[in-house]
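# Observations on the three-dimensional arrangement
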Amino acid sequence: MITLEGVTKVFNTKDRSFTALDDIHLAINKGEYIAIIGKSGSGKSTLLNMMTGIDHPTEGKIILNNTEIGNMNESKLASWRGKNVGIVFQFFQLIPTLTILENILLAMEFVNCIPKPERLKRAMDLLNTVGISEQANKMPASLSGGEQQRAAIARALANDPAIVVADEPTGNLDSKTADSINAIFSALAKSGKTVIVVTHEKDSALRYDRTFTLSDGKIVSSEFKNVSL
Ligand code: ADP
Ligand code: MG
């Protein structure tokens with residue numbers, strides 16, 4: 001579903017050139033539950049941005065569903081991403097001036113693939129799935145961090161993407177709340193979605209089908225649930 005071949009990313013700033021990703025090769029299958037771990041600055045977010053086409057590699061190829069990103073124009077890529085990828089951030093990034101429900105409906109409007117008459121029910125069903133349907137008409141700021149992250153997950157699922165990516169989604173939550181958010185991602189993976197989570201929580205790696213460890217822009221280990229490769 002997502003293949004990276006020899007992906008290198010070099011950031012050039014005024015006074016230096018920095019290799020954030022160094023010759024990454026990996027292939028993620030449909031329905032896999034993947035963790036990407038590594039220290040701050042190891043390249044985790046950059047790697048996610050490559051996989052979703054948000055940023056482009058300096059060298060190498062990224063193949064999404066048999067199509068090389070380099071061969072897609074920006075509008076085709078944006079439309080692919082809107083339909084196929086749901087993104088969850090560490091700081092939720094809900095629109096503060098819209099209710100929780102409106103945040104989800106807006107995501108549907110942008111992509112325009114869910115028929116209009118189905119949107120309200122679908123949005124409420126998603127809020128129900130993540131356990132916050134009673135907060136639908138509240139503003140994000142009036143919700144707890146965990147509730148806001150649930151809302152952000154519901155928004156990520158708005159257009160029924162095959163792939164869900166999350167960049168340190170529990171990094172700003174206490175451990176009990178983090179567990180409940182992780183349970184939602186596990187359930188999504190079980191339901192057949194490809195779920196890719198960037199996390200610091202090394203001790204929880206066993207929950208994933210596969211864990212990639214990044215260090216200085218390189219994949220230094222790739223472990224299946226019970227087997228070290
Ligand atoms: P992580 O998510 O693992 O903390 P990042 O992928 O955000 O790491 O960043 C990896 C490295 O690349 C860091 O050293 C960071 O400073 C650098 N970096 C990331 N984005 C940029 C950018 N746009 N310009 C210059 N350097 C960047
Ligand atoms: Mg990061």
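Note that the structure is a prediction, hence the values are computed from the model and not measured.

Strands in a sheet are paired, the pairing made by backbone hydrogen bonds, and the direction either parallel or antiparallel. The strand order across the open sheet built from four strands is β2-β1-β4-β5, with neighbouring strands paired in antiparallel fashion. Edge strands, defined here as strands with exactly one partner in the open sheet, are β2 (17–28) and β5 (67–68). Where strand β1 (residues 2–12) meets strand β4 (residues 59–64), five bridges bridge the pair, whose relative direction is antiparallel. For T3, the partnering residue across the bridge sits in β4 and is I63.

Let's shift gears to the side chain of N159. Following the sequence through the fold, N159 ends up in the loop between α5 (145–156) and β7 (163–167). For N159, a relative accessible area of 9% gives the class buried. A distance of 3.2 Å separates the side chain of N159 from the backbone oxygen of A107, its partner in a polar contact. What N159 contacts, discounting residues up to four positions off in sequence, is G82, K83, A107, M108, V111, C113, I114 and R122.

If you look at the biggest cluster of nonpolar residues, it comprises 35 residues, and the most contacted ones within it are L127, I153, F185, L188 and V195. Elements supplying a minimum of two residues to this core: β3 (33–37), α3 (100–111), α4 (116–129), α5, β7, α6 (175–190) and β8 (194–198). Those residues in contact with L188 that lie beyond four places of it in its chain are I153, L157, V164, K193 and V195.

Procedures and definitions
- Residues numbered from 1 in each chain as written.
- Chains lettered and ligands numbered in written order.
- Predicted model: local features only at pLDDT ≥ 70, side-chain atom pairs only at ≥ 80, totals over all residues.
- Heavy atoms only, no water.
- Pairing = 2+ DSSP bridges.
- Helix = DSSP H or I, 4+ residues; strand = E, 2+ residues; numbered from the N terminus.
- Buried < 20%, exposed > 50% of the residue type's maximum accessible area, 1.4 Å probe, protein only.
- Polar contact = N/O pair within 3.5 Å; in protein donor to acceptor, adjacent residues only side chain to side chain.
- Contact = heavy atoms within 4.5 Å.
- Core = buried A, V, L, I, M, F, W, Y, C linked by side-chain atoms within 4.5 Å.

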